[in-house]
Amino acid sequence: MSGHIDVPRAIEGRIARAGLLVLAQDPAIRDHVRRASEHATRPHHVVEDARELLAAVELAGNERRPCVVVLEAGAQADQALRELAGSAARDKLLVILVARDLHGEPPAGAHVVTSAPALREVLALATRAHGLGDGRRLAVDRLLAVSVLSGPLEQVLESAADELATGFGVDRCVISVRGDSTGGGAVGDRTWDSLAWSQTAERCRTASAAVATLIAPHATPGGPCESYLAVPLATPLGSHGFIGLVTGRPHVFARSDRAALQAVASRLGSELGWRGVHERTADELDRCLNSPGLDAVLGIWNRIALAQLIGMQVSAALRGRHPLTVLAIDVIDLQSINTRHGHETGDRLLHRIADALRTTVRAEDLVGRWAGDKLVVVLPSTAFEGARRVAERLQSALAARSLELPGGATLEIPATIGIAALDPNEDAARLVARALWAARKARDGGASIIGASTGPAPRLSQPLELADELRGTLGGTYRLLHEISRGGMGVVYRAEDLALERPVAIKMLRPDLAEDRGFVESLRNEAALLARLQHPNLVQIYNFGQIGGDSYFVMELVEGEGLQQAVERHRIEDTAMPLAEAVAAIEQVGSALDALHDRGIVHRDVKPGNVIRDPFRNRCVLVDVGIARRYGQFAESAGTPGYAAPEVILGGEASAQSDVYGLAATAYTILTLTAPWGDDEHVLARQVGGESVVPPSALRGELAAADEILLAGLSRDPSRRPASAVELARALSHALAIQHPIMRDAPRAGDPAATPHRHPSAKTRGVVFRSIVRAVGAREAERLRDAIGGDHPELARAISDMAPLAWIPTELLTQLLAVAPPHVGRDASQLARDVARATVRATFRRFFPASAATLIPERTLSAIRNVWSRYHSWGTVASMPVHSNEMVIRITDTPREPDLCAWASGMLEQLVVLSGGRAPSVDHESCEARGDPACLYRINWERGEAPQH
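Report on the accompanying structure. (Residues numbered from 1 in each chain as written. Predicted model: local features only at pLDDT ≥ 70, side-chain atom pairs only at ≥ 80, totals over all residues. Heavy atoms only, no water.)

### Remarks on helix α7 (residues 153-168)
The periodicity of an α-helix, 3.6 residues per turn, causes residues three or four places apart in sequence to face the same way.
Turning to step 1, where the next piece is worked out: Between its first and last C-alpha, α7 extends 22 Å over 16 residues, near the 22 Å set by a 1.5 Å rise per residue.
Turning to step 2, where the next piece is worked out: Within α7, burial applies to Val 156, Leu 157, Ala 160, Ala 161, Leu 164, Ala 165, Gly 167 and Phe 168.
Turning to step 3, where the next piece is worked out: A positive phi of about 70° marks Gly 169, the residue just after α7. (Helix = DSSP H or I, 4+ residues; strand = E, 2+ residues; numbered from the N terminus. Expected span 1.5 Å × (residues − 1). Buried < 20%, exposed > 50% of the residue type's maximum accessible area, 1.4 Å probe, protein only.)

See below:
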């Protein structure tokens, strides 16, 4: 008899015989319990509070009868769970908590958490076969084999999920590393539906928080209930992840299931920790190995440095019409040598070759390691026959340097040499590829030295595109993607902030500057000040860091056309930059400079190349803020000749008036398309020698009113310049009668002047052009470049030489789609679709970094306006959902080119596929190119399995 409450003898026997106890006010819950009691012929009893429930449980325990307890979530249930936790009879209980919704964190202590709609099935299960689990045996051998230590993370998570599902005998397993992504797999005939992922993850999180089985209604009305068991997964990324088991029927998981799952989670959490350490270490090693410099093993140039140096040597040889030859040394079967004798022997062999190269070639020759078993020598001013003599001397030197092995044996150095002489108009990539091909041909043919044939050779590598494949990291936080630019102070990279998942720009300082502690400390202080400065026309500074001997700035990534690029484009097009556009840029840069000057900061390098037009936010942005300060030789660090003020060139201190001079020179350049002091080697002499600047109106007549303002801004006397950058900009605006200049990068929707045929500023990303290689294959693309290079050199360059994020006139894309089809065996429409699909495949993960399992076509297509702007600066895009698997996309203000419409169709189709849809169809119902008011694309698809990336 309980000591907690006196139970009336009239009902004491009924309580003792009760197989179902319920503490609930909801009539529906009570009705479910009553029906289950009648069906199972087991008496039930309704208690009024937690104390009475505990007494009833103890009575049932004294009768040695198992008991099912049903609790309605609420304060009484919370108290009951706390008291039942200490009850001696708890082992004979099955405690069911009925929650109002399954999206919160219910209190721990119940064996099963469910909702009212699923309670009937849960009670049927409980009364039919009471107990915690069905006693099935776990496939322990399968569970022990689960690991996430090898392979790409998403793939190993999927494999682990499949193994766990099989080992526990359930339908599905979900592994979520951070709570918002999954590597979950499925077994049996059911696969993941991306629409159900959000609900599945939420139920797994609820089951994990409740430390109980969760039984919930199926997503499909009328379907069977599903059961969930989950435990937390603690990883280096946090403790928000989980491992969940899902079975498509009512089932109460046993305590042994939870214990086994928790053990697996602990082990996988540790393995994920080891993976994180390994990947960070590998990234750091990759950065060391793949940054320009010396090879860490051999002490000769590494591949990155060698590629840059070869490019410079090739350019110099072509300009001076001097001979240039490359030797490629291919070590035969180095992998087998490492396997038989160990990597130490392989390294010694490579050292012998490097030593032989040093003693054979001249001091001015370049020697570097191109790959693990390939070395390259560049011989400037050396013709083919001279290079052959060098190769023969090298072979003799290698023959005299056989390697001694343990035990007294010797190993002859097995290497072949390919020779390639620079052909007219040949680039460095092809030159090295021909030499490597010759070395391989020598190896296959049993010769030791072979000269390369002229003409194209199969591409064994992409030597000058390595910057696009750069995968180093800084401090494990920023992943370097590719080089953007380089100058006197260092190199700027596009990078990804791994912690915040955002793109950034990183400027790495020159090594000699980074070694000066005083200089670096002053930069650190300046970066701290700039980081607190917010201005829409100033690039935002995020961080300043150091790692090893490197110092770097982390900045906002601003993508778009630089003013210097715009000047060069207008020169090529033989057009002038519109006055309103130019003055708008000057006003915005002037505002940014005044914001700096108000805080005592001088930019020191104001020039068109440091101003970027951001088409996404319709603004001009001043970059390189606070970095280009005076240090060492002024020609490199005090600014750019032609834009740096004379007092700075002569060694004086930079001031706000120096920046006004730079802004005046920038304004002069973009308005006239001519630098005020020219752009040859005599710029500095003209600047400081007292020569006068040609009035801008002499170059562009409509600038007569601006002559006096710009000439004053370019005065050698700082006191004669306008008082501030904004004053200079406002004076120009007033003089040129431009009251509200607006920078327009592309026509906007609704603008009557933006007729579809008038798209002189329409731009397309470089990645679209480069994707033709992915669409037709490397060999077909090579033949295409050769075929069109004579008549259309700009198209040949666009295919391979354009930076992926560069903005290129869309007109070139339409020309390419018109010229290329006969050379690749496809009609223009099909080629456009194939290029679009290849473009999306190459860039989709960058635009949608979330888990593939969370993506569905309708959500992706709903964001089409944002996606479209990643590829083109023209077009006004809207989406209209029709059904769950049908959407209409409307695009206006297009260039009215049928091939571009075909490109859009291919893009939409590929977006659906990569978002989990199957069998997509795109119907181009109306088209601006046919005279319709808009392009309408109707997209249909079938539900499919989540895509794998």
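### Topic: the sheet that holds strand β29 (residues 876-883)
Strands pair in a sheet through their backbones, by hydrogen bonds, and they do so in one of two ways: parallel or antiparallel.
Turning to step 1, where the next piece is worked out: Taken together, 4 strands build an open sheet; the order of strands is β29-β30-β32-β31 and the sheet is antiparallel. Of all the strands in the sheet, just β29 and β31 (917-926) have a single pairing partner and so form its edges. Averaged over all adjacent pairs, the angle separating strand axes in this sheet is 20°, with direction ignored.
Turning to step 2, where the next piece is worked out: Pairing analysis gives 7 bridges linking β29 to strand β30 (residues 886-892), with the strands arranged antiparallel. Looking at β30, one finds that Pro 881 is bridged to Met 887.
Turning to step 3, where the next piece is worked out: Docked against the sheet, helix α33 (residues 898-914) engages β30, β31 and β32 (935-943), running at close to 155° with respect to β31. (Pairing = 2+ DSSP bridges. Axes fitted to C-alpha atoms, helices over the stretch in contact; angles between N-to-C directions. Contact = heavy atoms within 4.5 Å.)

### Observations regarding the packing of helix α25 (residues 766-776) against helix α26 (residues 778-788)
Turning to step 1, where the next piece is worked out: In contact at an axis separation of 6 Å, α25 and α26 are set at 130° when each is read in the N-to-C sense. As the angle between them shows, α25 and α26 are arranged oblique. Across from Ile 772, Val 773 and Val 776 in α25, the residues of α26 making contact are Ala 778, Glu 780, Ala 781, Leu 784 and Arg 785. (Parallel < 35°, antiparallel > 145°, perpendicular 65-115°, else oblique.)

### Brief notes about the packing of aromatic side chains
Turning to step 1, where the next piece is worked out: A complete count under the given rule lists 5 aromatic pairs for this structure.
Turning to step 2, where the next piece is worked out: Seen from their ring centres, Trp 868 and Trp 874 are 5.3 Å apart, and the 80° between their planes marks the pair as edge-to-face.
Turning to step 3, where the next piece is worked out: You can call Trp 868 buried: its relative accessible area is 4%.
Turning to step 4, where the next piece is worked out: In this structure Trp 874 comes out as buried when scored by relative accessible area, which is 2%.
Turning to step 5, where the next piece is worked out: On the numbers, 5.8 Å between centres and 70° between planes, the contact of Tyr 871 with Trp 903 is edge-to-face. In this pair, Tyr 871 sits in the loop between α32 (864-869) and β29 while Trp 903 sits in helix α33, placing the two residues 32 residues apart along the sequence. Each member of the pair Tyr 871 and Trp 903 is classed as buried.
Turning to step 6, where the next piece is worked out: Ring pairs connect the aromatic residues Trp 868, Tyr 871, Trp 874 and Trp 903, which therefore count as one cluster. (Phe/Tyr/Trp six-rings, centres within 6.5 Å; stacked < 30°, edge-to-face > 60°.)

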